[in-house]
Amino acid sequence: MILGILKEKSPELRVALLPETVSALIKLKVTVILEQGAGISAFAADSAYEEVGASMVSRQVVLHTADLVVGIHAPDEADLADMKVGQSLLCALNPYFNASLVQNLAKAKITAFSMDVIPRTSRAQAMDILSSMATVAGYKAVLTAANTLPKFFPMFMTAAGTITPAKVLILGAGVAGLQAVATSRKLGAVVEVFDVRAAVKEEVMGLGAKFVDVEGAADDKSAGGYAVEQDEAFKQRQAQAIHDHAVKSDVVICTAQIPGKTAPLLLRTATVETMKAGSVIIDLAASTGGNCELSKDGKTVVSVNGVKVIGNSALATEMPTDASRMFGKNIFNFTKLIVDEHGKLVLNWSDDIVKGTAVTHQGEIVHERVKAALNL
Ligand code: NAD
């Protein structure tokens, strides 16, 4: 099989596979080609890929020749014209929000695997890009907040007086939220957490943070460990509780998401406008609407009372080396499922991970949840 790596477009800095992972793929008898300069913004030179046995080619050659085209994001719709019927694609399609791309991939008869819909089973954990990238984003969110806040995170007792620790409020304790808790605690902040899944309470407390209970959250066992939408009465109780804690916080990190839906709105403008001047809100859910009413993805908004609201759902790209390392390891583990001992591409449709990650195949949209979400 020929595996082809695409160079991502600006402002993306990550690359789907670093030379160290390409080397491991070549040991599986896979031929690797990549678009010139693909790794440069993640500090991996073309020569480093060549040293492990990969060949540099143009974007068109990757798109036209590779049996499996690999990227972080989906190729542009214009790139599809350079692809061939029956080729496979492996990247994050964000399919719930990209109806036209999904339809065009089906029309082009590409077998598209979307790493962001991989089943969240124990066997798939080593391939789970959502978890890896959420780990990077949760960490980076705290560093960004600490860097922006006009105060210290840790407590200091100095000759110039005692500095009290920063108060950090974290909304959503999934992978990103728990990483944000751990990083905030390591920096010495006092941390409080909201989540609708009671299952995370112990983990939060184990990391040294306080879990704020709001009575009556709906928790659906059939949602596979994910949160579900809440009723109006709960939303109002939760909004009041979040307001009461947010106004005493220096930093709010927003990570709450519901898969395939717009993010829950948890932090109203009225709350932000009652927070202390100089406080910082980082909203990782900004690309799906945001947890904060003032968030704009990719932008910093300053509220009338001087609170900075940083909307950024792409924080993983700001740490391109380790983010690419983790993403690449996930891609490698998935690729192992679809190559045989001779390095040939073999798609085993009875494997629940292969089947559950495929979005389009032989001209059809084959992912039931994506089809339902897009009303197709
Ligand atoms: P996510 O990004 O979908 O959501 C982030 C967090 O937001 C979740 O904890 C969710 O409960 C919370 N949230 C949603 N609505 C909320 C609201 N109204 N108020 C407060 N919080 C709200 O989640 P994620 O980080 O991708 O993962 C969630 C869970 O999925 C994990 O904790 C785990 O149980 C499971 N998971 C399983 C695997 C695996 O087995 N391969 C991998 C990763 C995650």
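Residues numbered from 1 in each chain as written. Predicted model: local features only at pLDDT ≥ 70, side-chain atom pairs only at ≥ 80, totals over all residues. Heavy atoms only, no water.

**Quick notes on the packing of helix α5 (residues 129-148) against helix α10 (residues 320-335)**
α10 packs onto α5 with a crossing angle of 170 degrees between their chain directions and a minimal axis gap of 9 Å. The angle between α5 and α10 places the two elements in the roughly antiparallel class. The residues of α10 that touch α5, namely those facing I129, S132, M133, T135 and V136, are A323, M326, F327 and N330. (Axes fitted to C-alpha atoms, helices over the stretch in contact; angles between N-to-C directions. Helix = DSSP H or I, 4+ residues; strand = E, 2+ residues; numbered from the N terminus. Parallel < 35°, antiparallel > 145°, perpendicular 65-115°, else oblique. Contact = heavy atoms within 4.5 Å.)

**Concerning the site of the ligand**
The immediate surroundings of the ligand are formed by 23 residues, with R120, V175, D195, R197 and Q238 found nearest. For the ligand, an oxygen atom lies 2.7 Å from a polar atom in the backbone of V175. Between the ligand and the protein, one listed contact pairs an oxygen atom with a side-chain N or O atom of D195 at 2.7 Å. Considering the ligand on its own, with 840 Å² of exposed area, one finds that the protein chains cover 85% of that surface. (Near = heavy atom within 4 Å. Polar contact = N/O pair within 3.5 Å; in protein donor to acceptor, adjacent residues only side chain to side chain. Areas by Shrake-Rupley, 256 points an atom, 1.4 Å probe, with all protein chains shown as cover.)

**Thoughts on α5**
The end-to-end C-alpha distance of α5 is 28 Å, a good match for the 28 Å that 20 residues give at a rise of 1.5 Å each. At the N-terminal end of α5, a side-chain oxygen is found 3.1 Å from the backbone nitrogen of L130, two or three residues along, and the residue is D128. (Expected span 1.5 Å × (residues − 1).)

**Examining the packing of α5 against helix α6 (residues 175-186)**
Geometry of a packed helix pair, given as the angle between the helix axes and the separation of the axes. Remark: α5 packs on α6, axes separated minimally by 7 Å, with the N-to-C direction vectors making an angle of 40 degrees. Judged by the inter-axis angle, α5 sits oblique to α6. When you trace α5 past α6, the crossing you get is right-handed. Together, S131, A134, T135, G138, Y139, V142 and L143 of α5 and V175, A176, Q179, A180, T183 and S184 of α6 make up the contact between the two elements. Within the contact of α5 with α6, the residues separate by chemical class into seven nonpolar, six polar and no charged. (Left-handed = near helix turned anticlockwise from the far one by under 90°. Nonpolar A, V, L, I, M, F, W, Y, C, P; charged D, E, K, R; others polar.)

**Considerations on the environment of R369**
Inspection of the secondary structure puts R369 in helix α12 (residues 368-373). A C-alpha to C-alpha distance of 39 Å links R369 and V247, two positions 122 residues apart in sequence. In terms of polar contacts, R369 uses its side chain to reach the side chain of Y96, at 3.1 Å.

**Description of the sheet that holds strand β15 (residues 308-311)**
To summarise the sheet geometry, strands pair through backbone hydrogen bonds and adopt either a parallel or an antiparallel arrangement. Reading across the sheet, the seven strands line up as β11-β10-β9-β12-β13-β15-β14 and stay open at both edges, with mixed pairing between neighbours. Two strands close off the open sheet at either side, each with one partner strand: β11 (210-211) and β14 (300-302). In terms of strand pairing, strand β10 (residues 190-194) meets β11 through two bridges, oriented parallel. Bridge pairing in β11 links V193 to F211. Across the face of the sheet, α6 comes into contact with β9 (167-171), β10 and β12 (251-254) while running at roughly 170 degrees to β9. (Pairing = 2+ DSSP bridges.)

**A few points about the pattern of salt bridges**
In total, this model carries 16 salt bridges according to the counting rule given. Ionic pairing is found between R120 and D128, a salt bridge with its closest N-O pair at 3.0 Å. A residue is classified by how much of its surface remains accessible, and R120, at 35% relative accessible area, is partly exposed. Each member of the salt-bridge network shares a partner with another, and the members are E20, D322 and R325. (Salt bridge = Lys/Arg side-chain N within 4 Å of Asp/Glu carboxyl O. Buried < 20%, exposed > 50% of the residue type's maximum accessible area, 1.4 Å probe, protein only.)

**Some points on the sheet that holds strand β6 (residues 111-114)**
Strand order across the open sheet formed by eight strands is β3-β2-β1-β4-β5-β6-β16-β17, with mixed pairing between neighbours. Every other strand in the sheet has two partners, leaving β3 (55-57) and β17 (364-365) as the edge strands with one partner each. Here strand β5 (residues 88-92) runs beside β6; their pairing, made up of four bridges, is parallel. Note that in β6 the partner of C91 across the bridge is S114. α10 rests against β1 (2-5), β4 (68-73), β5 and β6 of the sheet, and its axis sits at about 150 degrees to β4.

**Some details on unusual backbone geometry**
Between S10 and the following residue, P11, the backbone shows a cis peptide bond with an omega angle of 15 degrees. Within the secondary structure, P11 is located in the loop between β1 and α1 (19-27). Backbone geometry at N94 places phi at a positive 50 degrees, although glycine is not the residue there. As for its position among the elements, N94 is in the loop between β5 and α4 (99-107).

**Overview of the pairing of strand β2 (residues 31-35)**
On a regular strand, each side chain points to the face opposite its neighbour's, so the side chains alternate between the two faces of the sheet. The element β2 is extensively covered by neighbouring structure, given that four of its five residues are classed as buried. As paired elements, β1 and β2 share four bridges and run parallel to each other. If you follow I5 over to β2, its bridge partner there is L34. Where the polypeptide runs from β1 across α1 and back to β2, its parallel neighbour, the crossover connection is right-handed. Crossover connection from β2 via helix α2 (residues 46-51) to parallel β3: handedness right-handed. (Right-handed = clockwise from strand over helix to strand, strands pointing away.)

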